[in-house]
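Residue-level structure breakdown
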Amino acid sequence: MLKEQLQPLKDAMRKASKDKPKTKQKKLVLNQTRTQSSVIKKRKFLFDEPLALIGRPKSSVTSAPPVGKSVPKINVDIEQYKRPGREACELMLNVSRYQNLEFVAESKLSLSPRKTQELVIGLDFGTAYTKVIIGELTYAYPISFDDHGYLLPSEIFMDQDGECTLSNYLDGIRFKELKLPLLLDNTTKPDMILIIAFFALIFCQCRRWSESSIYKDTNIDWLVNAGLPTESYHDEKLSGSYKVIISAAWILSFCREVSIQNASLVMETLELSSNSIPDKFQLSPELISLFPEFAAQIVGYVQSPSRREYSHLLVDIGAGTLDVAMFIVSNEDGEWLFQTTGKDISTLGADILAKHRVMRANKKVEIDFSTCYPNEEQFANTLEISLDDLSIIDKPFFTAVNASIKDVVISIKGGDKFGSDITTFICGGGRNVGLYNKAIDVVKRDFPLKILTLPIPERLRAEGVEIEDYHRLSVAYGLSYDPFNIGSTIKKYVKRKPIFHSEFEPSNYGMCPK
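Described in the following lines is the structure provided in the data block.

**As for the pairing of strand S11 (residues 310–317)**
Of all the eight residues making up S11, seven are buried; the element is thus mostly covered by neighbouring parts of the structure. Alignment of S11 against strand S12 (residues 322–332), held across eight bridges, turns out to be antiparallel. Within S12, the residue paired with Leu-313 across the bridge is Met-326. As consecutive antiparallel partners, S11 and S12 are separated by four residues. For S11 and strand S15 (residues 422–427), the ladder comprises five bridges, and the chain directions are parallel. Within S15, the position partnered with Leu-314 by the bridge is Phe-425.

**What about the packing of helix H8 (residues 350–360) against helix H9 (residues 376–383)?**
At their nearest, the axes of H8 and H9 sit 10 Å apart, and the two run at 35° to each other. Regarding H8 and H9, the two cross each other, and that crossing is right-handed. Across from Ala-354, Arg-357 and Val-358 in H8, the residues of H9 making contact are Glu-376, Phe-379 and Leu-383. Its residues assigned to classes, the contact of H8 with H9 comprises four nonpolar, no polar and two charged.

**What about the environment of Leu-265?**
Within the fold, Leu-265 resides in helix H6 (residues 260–271). Given the relative accessible area of 17%, Leu-265 is considered buried. C-alpha of Leu-265 to C-alpha of Ala-248: the two residues are 17 residues apart in sequence and 9.5 Å apart in space.

**Thoughts on the sheet that holds strand S7 (residues 164–165)**
Ordered by their spatial adjacency, three strands build an open sheet running S7-S6-S8, and the pairing between neighbours is antiparallel. Strands at the two margins of the open sheet, each flanked by one partner only, are S7 and strand S8 (173–175). Here strand S6 (residues 156–158) pairs with S7 via two bridges, running antiparallel. Pairing of Met-158 across the sheet is with Cys-164, part of S7.

**Some points on H9**
In an α-helix there are 3.6 residues to a turn, and that puts residues three or four apart on one side. Those residues of H9 lying buried are Glu-376, Phe-379, Ala-380 and Leu-383. Taken down its axis, H9 places every buried residue within 100° of arc, on the same side. Along H9, the residues that are exposed and aim more than 90 degrees away from the buried face are Glu-377 and Asn-381. A distance of 3.1 Å separates the backbone nitrogen of Glu-377 from a side-chain oxygen at the start of H9, and that oxygen is part of Asn-375. A positive phi of about 60° marks Glu-384, the residue just after H9.

**Digging into the nonpolar core**
Counting 67 residues, the largest nonpolar core has Ile-121, Ile-156, Phe-175, Phe-198, Phe-199, Ile-202 and Ile-260 as its most contacted members. In this structure Ile-156 touches Cys-164, Thr-165, Ile-173, Arg-174, Phe-175, Leu-178, Leu-194, Ala-197, Phe-198 and Leu-201, once residues within four positions along its chain are discounted. Residues Met-326, Leu-348, Ile-393 and Ile-426 belong to the second largest nonpolar core, which totals 37 residues.

**Some remarks on the side chain of Ser-253**
Mapped onto the elements of the fold, Ser-253 is located in the loop between helix H5 (236–252) and H6. Accessibility expressed as a relative area gives 4% for Ser-253, which makes it buried. Separated by 2.6 Å, the side chain of Ser-253 and the backbone oxygen of Trp-250 make a polar contact. Setting aside its immediate chain neighbours within four residues, Ser-253 contacts Ala-200, Phe-203, Cys-204 and Arg-207.

**With respect to the packing of H5 against H6**
It is the contact of H5 with H6, at a shortest axis distance of 9 Å, that shows an interaxial angle of 125°. With respect to H6, the axis of H5 lies oblique. Every pair of crossing elements has a handedness; the one defined by H5 and H6 is right-handed. Across from Ser-247, Ala-248, Ile-251 and Leu-252 in H5, the residues of H6 making contact are Asn-262, Ala-263, Val-266 and Leu-270. Of the residues contributing to the contact of H5 with H6, the split by class is six nonpolar, two polar and no charged.

Conventions adopted
- Residues numbered from 1 in each chain as written.
- Predicted model: local features only at pLDDT ≥ 70, side-chain atom pairs only at ≥ 80, totals over all residues.
- Heavy atoms only, no water.
- Buried < 20%, exposed > 50% of the residue type's maximum accessible area, 1.4 Å probe, protein only.
- Helix = DSSP H or I, 4+ residues; strand = E, 2+ residues; numbered from the N terminus.
- Pairing = 2+ DSSP bridges.
- Axes fitted to C-alpha atoms, helices over the stretch in contact; angles between N-to-C directions.
- Left-handed = near helix turned anticlockwise from the far one by under 90°.
- Contact = heavy atoms within 4.5 Å.
- Nonpolar A, V, L, I, M, F, W, Y, C, P; charged D, E, K, R; others polar.
- Arc of directions from axis to C-beta.
- Polar contact = N/O pair within 3.5 Å; in protein donor to acceptor, adjacent residues only side chain to side chain.
- Core = buried A, V, L, I, M, F, W, Y, C linked by side-chain atoms within 4.5 Å.
- Parallel < 35°, antiparallel > 145°, perpendicular 65-115°, else oblique.

What follows is the structure, given as C-alpha cells:
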C-alpha cells in the first residue's frame, strides 16, 4: 500500500532527475557573486507561472502618500500558483510511518575535552544564498559548504525516502524559495519543515567544521545569532517563527538522519512541550538571539578598526529585497557606537527586477543567472525588445528604487544639508546591476555620497576572500559577535516618518503565493 502511495513521488523524482542540467564539479570560492558566478550550478527562474497578488505586509502605522509625490504602481494580471514541489513534501508526510527519533551515538558528543570555548554561529539566511560565519572574541571563520563554497544556495533536496541534502547527489526533488513565506507571513507546515531541515544540515556542517578546526579538542558552548529580514527588533511573530525553526533544527541536526519525517516529528514534539528529547540535544532559548540583518551588517563595520565617524549610508541589494539604512557613527568616551536615523526594507531586489521586466514585456522566457546577471542589452535581446522599450518598462521600478534611497538619506536631522561626505557602502549580489547604479548616481547629484568598499575585518580568517567579495559575508560576520557586544554597539533607534511604497511585491513576480 505504501509503495503504491509513493509511486507518484518516485515518478516526479525520475522526471526531475531526467530534466536536471548536468554540471561539472568544481571547487568554489567566494567570488560566486550574482555578477561573477561562472561556477555556480544553473539557477533559473520560470516566469510562465505568476503568483497571486497579496500586497505588502501590514504596518502598524498608516499614512497617505506624500503630497505632490507620484507613486509608481504596477498592474499585473496574475493567477494563483502553488509553491513548486511543496506537494511532494506533503505527500511524503502523509504516507510515511513515523518512528521514534534516533540520535547520534553518545561517543560522538563527548570527547573528554580539556577546555571549554564559546562559539557563535552567525546565520545569514538569504533569499538566494545563505552565509554562515562562526566566531569568538578573537577570530571569525566563514563556513564552506563543499562545492558551493561560502555562498550556499537557499534550497534543499529530498530523495524518495524523505532524506534531505544540500546538494542533489541523490537525484531528489528541489525545494527553493525557502525564505519568502517567512517574509510574507504566509508560512505553511511544509514550509516550516523544509526550513528546519535546511538549518539542521547547516548546523551539522558547523559541528563537522569544529571537529577539524583548532577547537577539535575543546568542549564548545554554542550560541546562534540569526538575522531577521525586518526593520525592527520587535516583530514578535517573525521572531517567534525563527526561534521555533532554529530550536527544532538544532535538535534535528543530532538525529541519525535529517529527513522530512524527522523534521515534522521534532516540530510536533516541541509543540507538545514534551520532555522526550534529552537536554543535551537541545539549544536553550537564551542561546538564540535575533537581530535585524542591516543592524548586524553595521555592527561588523563599527567594530572594525576601519570605521569612520559621522554619516553613513548602507545600500544592500539582495535577490528579493533592497535594504537601505542611514546611520551615524560616533566615539563616546572611547566607545564606538552607532545610531540609525532612517531605514527602509522593500521588495525591490534584483530577482524582482528581472521578473518585473519579463512580466511587463509580456514574455514567457527563462533567464539564466548561472554565469552573470544580464546587463540591459542582454535583457533587451532576450525579451526581443529595444533598449528604449526596456527603459520604459524599468521607469516605475527605477523611480521606486531612487525614492527608497533618497527618502532614507533625507531622514537625518538637518534635512538635505550635510557638512561632510556621507560614507556609502553598496553591498549585495545585485550591486553591479545597472539600474541600481543609475539610481544611486541620481542621488549623488544632490547628496555628497562617497562610495567606498566595505573593508575586510582583521578578525575574519578566510582563504580566498577578496575585498570586493567580502560584502556578501558582511551580515553573517556581524552576527558572529557575541550577542551582548552586538546590542551594546547600538546606541538607539530614531523613529522616522513612514515612507509610502509602490507595490513591487514578490507575489507579483512569481516569488511566493498567499
